[in-house]
Amino acid sequence: MTGLSTDAVSMPHEEAVLDIEGMTCASCVARVEKRLERLDGVSASVNLATESARVDYPRALDPAALVAAVREAGCEAHLRPRRSTPDRGHESSPGEAHAHDHAAHAEGAEGHVHDVEDRPGAVTLRTRLIVSILLALPVVALGMVPAWQFSGWQWVSLALATPVVLWGGWPFHRATIANARHGAMTMDTLITLGTGAAYLWSVWALLFGTAGELGMRHDGGMFAPVHDPSSLVYFEVAAAVTVFLLLGRVIEQRSKRRAGAAVRALMDLSARDVELQDGRRVPIDALRVGDAFVVRPGEKVATDGRVVAGRASIDESMITGEAVPVEVDAGAIVTGGTISTDGRLVVEATSVGDDTRLARLARLVEDAQAGKSRVQRLADRISGVFVPVVIVLAALTLLAWLIVGGFSGEAIASGFTAAVAVLIIACPCALGLATPIAILVGTGRGAQLGVLITGPEALEAADRIDTVVLDKTGTVTAGTMTVATVTAVAGTDPDDVAHLVGSLEHASEHPLARAVAALADAPAEVTDFAGRAGLGVTGTVEGRRVFAGRPTFAAEQAARAADAEPIADAEPIAGAADGAPDEIAAAVRAAEQRGATAIVAGWDGRIRAVIAVADTVRADSADTVAALAAMGLDVVLLTGDNAGAAHAVAEAVGIRSVVAGVLPEGKVAEIERLRAGGHRVAMVGDGINDAAALASADLGIAMGSGTDAAMHASDIAITGQGLAPVLTAIRLSRRTMRIIRGNLFWAFAYNVAALPLAALGLLNPMIAGAAMAFSSVFVVLNSLRLRS
């Protein structure tokens, strides 16, 4: 925290989120952060990926001052509205009301990744790229192939290149101007200097030199001295560089959008409206703490609350990641966004808006992405040194020519030509291709192999990881419940169990019932079907009264059939005397020890079998874990499931390190613990409960069966089935990163090698064109190696 006075520290504070437009690189982030923290009592964390800033400020400070500070840093900002809603009888404080008024006028929806060029009526980067490509292609062809240079070709090049350089390249020039106002030099500065020098020199040569003469061509030997600098035009350089770097910016923007999409996907899980206990249906924003609302079968729980009446099975997979619903009744705590699979509940709201667990999970994702976005790209780091060096070298070149030539008119012309040539040859044409072309080829090849890579940050992270953390359900396992074992009592035909119990469960919609229903090849008709939420079901199948459910429910049904009193609080198999022999009790215990769910079933008043239902391990999980270990990576199983189920799966696939029974916040804490210990962590998951951990890890990999929230929070998404594509993702990412490093090296090597020629006045159009073309072609060919 910067610039905090004692009074500012003691003041009550508020937290705000600003959506920021106009940031292009890490230096922009630092500049905006610095400007915000100049305000007394303010601390800020700026996120380039989501183009937002989370700001902690004294309540007495007018939020408009935050927006003004961002504008002083050369960017635009809008205060994001807060979605929290006070409880009944709460009155907003003046500071809260003031902040709300400002938020109400903010532009853009929560979680939106703003782009100054994506507002209605504005021109998008993609549009600039397409138009610039169409205009630049003939300019490059005319400039590079002397045989195509018809009479007046240079004037046609001027007409076509002007909109490309000025309009197509405006995003770079705008960033250069903003950076210059604050004394910063970035990649944008080098782009503007290079393209500007090439374009302005060419215009001068046309208007005041000999380059404008009809019939002029760019002829001459490869290393021939330039005797008439005013005959040279460089429109193809300016146009091509602009196009290549626009391509890189579009790819980068597409990657950044995923960050905001993760938060939006989480917030989309919340209900849109809610039925109050009095029967009125109101928008979710009208719900207040203390209100009682109804949750019917198949509906989402509208917000966090406490059950006051009813009983139901709640699908909490978004929080726990586990497919087995949780049984709740009066007094139980439920989470907004979870789904009731059966039963009717009346719930009292305990938190709403930004105070809900789902909203906190969304903030966990956004905060995690903010931390990762601080990694500067390699090109930015290099250009931070390269830009001032080139500018100094150009100035020294001009000065040297003036001194050697005695400040004569010819010396001034030659020196200025050489200085401009330095700036032109230093313009990073191949550098603009180095990363985006490799990413395009790598991501294209990845898509063929079922791997979607989001951008250079993902590649950089994959190259350095040493630990892979795997979620259990839906990642190591298939995420669908199936029957593992059927244990029948002596004298009971297992085929009868499959047919009768499978037919009964065909009438139920419970996830476990669907697994058991698969046992019946030709299910019979069920009559008198009845179910008790969270306990079990009964019905008549082919004249037999069949029951299936929890052990206590089965014991109760057996006791009732024997005209005994219902067993309200029975032990797991308390009805042994009514048809549940000791082997059934042992089968229940064995199933629970393996992490499976035991369904006890029977008919005609006797318990006949135990059906163990469990999530199955993917066929390729064990081989994948072994391959990861062979690559020198530590593998950890991290799950919200119980320890018994977690250790059973870990043993089956060969994982030694297990962390079980953790909720989303706990998963994030475990990832952060590993990172604090010096590990570079990749997290592999598929559920909403994994989203924050995926965003917190150095590398997030989402499974193809995963939720939208997990997909958007990840750096790499797997579209194929099974765990094996994770290996492909890591190997492809590492190879792509090696290609990018090679491209960056050669991109600068060509520039640096040509700089002495430019400074000595030996640069003619053929050298400039050849250097640009050969470096660009090399980068493309090197990247195409990824296709193999």
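Per-chain numbering applies: the sequence of each chain, read as written, is numbered from 1 onward. Totals for whole chains, interfaces and linings use every residue, but because this is a predicted model, local features are given only for residues with pLDDT of at least 70 and side-chain atom pairs only at 80 or more, for both listing and counting. Side-chain calculation: all heavy atoms of the structure are included, whereas hydrogens and water are not.

> Hey, could you run me through the packing of aromatic side chains in this one?
Any two aromatic rings considered together are summarised by their centre-to-centre distance and by the angle between their planes. Classification of ring pairs uses Phe, Tyr and Trp, with its six-membered ring standing for Trp, and accepts pairs whose centres are within 6.5 Å; under 30 degrees between planes counts as stacked, over 60 as edge-to-face, and the remaining range as tilted. Under the counting rule described, the total for this entry stands at two aromatic pairs. A centroid spacing of 5.1 Å and a plane angle of 35 degrees characterise the contact between Trp 201 and Trp 204, whose relative ring orientation is tilted. Remark: Trp 204 and Trp 201 occur in helix α8 (residues 187-208); sequence separation between them is three residues, near one turn of the helix. Each residue is assigned to one of three classes by its accessible area relative to the maximum for its type, calculated with a 1.4 Å probe on protein chains only: buried under 20%, partly exposed between the two thresholds, exposed over 50%. What makes Trp 201 buried here is its relative accessible area of 7%. With relative accessibility at 38%, the residue Trp 204 sits in the partly exposed group. Seen from the ring of Trp 167, Arg 128 lies directly overhead, with NZ or CZ sitting 5.1 Å from the centre. Strands are runs of DSSP state E lasting at least two residues, helices are runs of H or I lasting at least four, and both sets are numbered from the N terminus onward. Ring-over charges, as used throughout, are those where CZ of Arg or NZ of Lys falls within 6 Å of the ring centre and within 35 degrees of the ring normal.

> In this structure, what is going on with the environment of Ala 626? I would like to understand it.
With respect to the helices, strands and loops of the structure, Ala 626 is situated in helix α21 (residues 621-630). Overall, Ala 626 belongs to the partly exposed group, its relative accessible area being 47%. The sequence separation of Ala 626 and Gly 654 amounts to 28 residues, and the corresponding C-alpha distance is 7.3 Å.

> Looking at this model, I keep getting lost on the environment of Ala 627. Mind explaining?
Inspection of the secondary structure assignment puts Ala 627 in helix α21. For Ala 627 and Ala 724, which are 97 residues apart along the polypeptide, the C-alpha to C-alpha distance reads 9.2 Å.

> Help me understand the packing of helix α7 (residues 170-181) against α8 in this model?
Two quantities define a packed helix pair, namely the angle between the axes and the distance from one axis to the other. Angles here are taken between N-to-C directions and fall from 0 to 180 degrees, while the axes themselves are lines fitted to C-alpha atoms, restricted in helices to the stretch in contact. Between α7 and α8, the shortest axis-to-axis distance is 8 Å and the interhelical angle comes to 115 degrees. Helix-helix and strand crossings are classified by hand; for α7 and α8 the assignment is left-handed. Only Asp 188, Thr 189, Ile 191, Thr 192 and Thr 195 of α8 make contact with α7, whose side of the interface consists of Phe 172, His 173, Ala 175, Thr 176 and Asn 179. All amino acids are sorted into three groups, where Ala, Val, Leu, Ile, Met, Phe, Trp, Tyr, Cys and Pro are nonpolar, Asp, Glu, Lys and Arg are charged, and the leftover types, Gly among them, are polar. For the contact of α7 with α8, the per-class residue count stands at three nonpolar, six polar and one charged. In a left-handed crossing the near helix is turned counterclockwise from the far helix by less than a right angle, and in a right-handed crossing that turn is clockwise. Whether two residues are in contact is decided by their heavy atoms: any pair within 4.5 Å suffices.

> What am I meant to see in the packing of helix α6 (residues 153-168) against α8 here?
The geometry of α6 relative to α8 is characterised by a closest axis approach of 11 Å and an angle of 150 degrees between their N-to-C directions. Taken as axis vectors, α6 and α8 run roughly antiparallel relative to one another. Here α6 and α8 pass one another in a crossing that is left-handed. Together, Gln 154, Trp 155, Leu 158, Thr 162 and Val 165 of α6 and Tyr 199, Val 203, Leu 206 and Leu 207 of α8 make up the contact between the two elements. For the contact of α6 with α8, the per-class residue count stands at seven nonpolar, two polar and no charged. Orientation categories follow fixed angle ranges, with anything under 35 degrees roughly parallel, anything over 145 roughly antiparallel, 65 to 115 roughly perpendicular, and all other angles oblique.

> So what exactly am I meant to see when it comes to the sheet that holds strand β10 (residues 326-328) here?
Strand pairs in the sheet, formed through backbone hydrogen bonds, run parallel or antiparallel to each other. In short, DSSP must find at least two bridges between two strands for them to pair. One open sheet holds the three strands; their spatial order is β10-β9-β12, and the pairing between them is antiparallel. Both outer strands of the open sheet, β10 and β12 (339-342), are each paired with one neighbouring strand and no more. Neighbour-to-neighbour, the strand axes of this sheet turn through a mean angle of 45 degrees, independent of strand direction.

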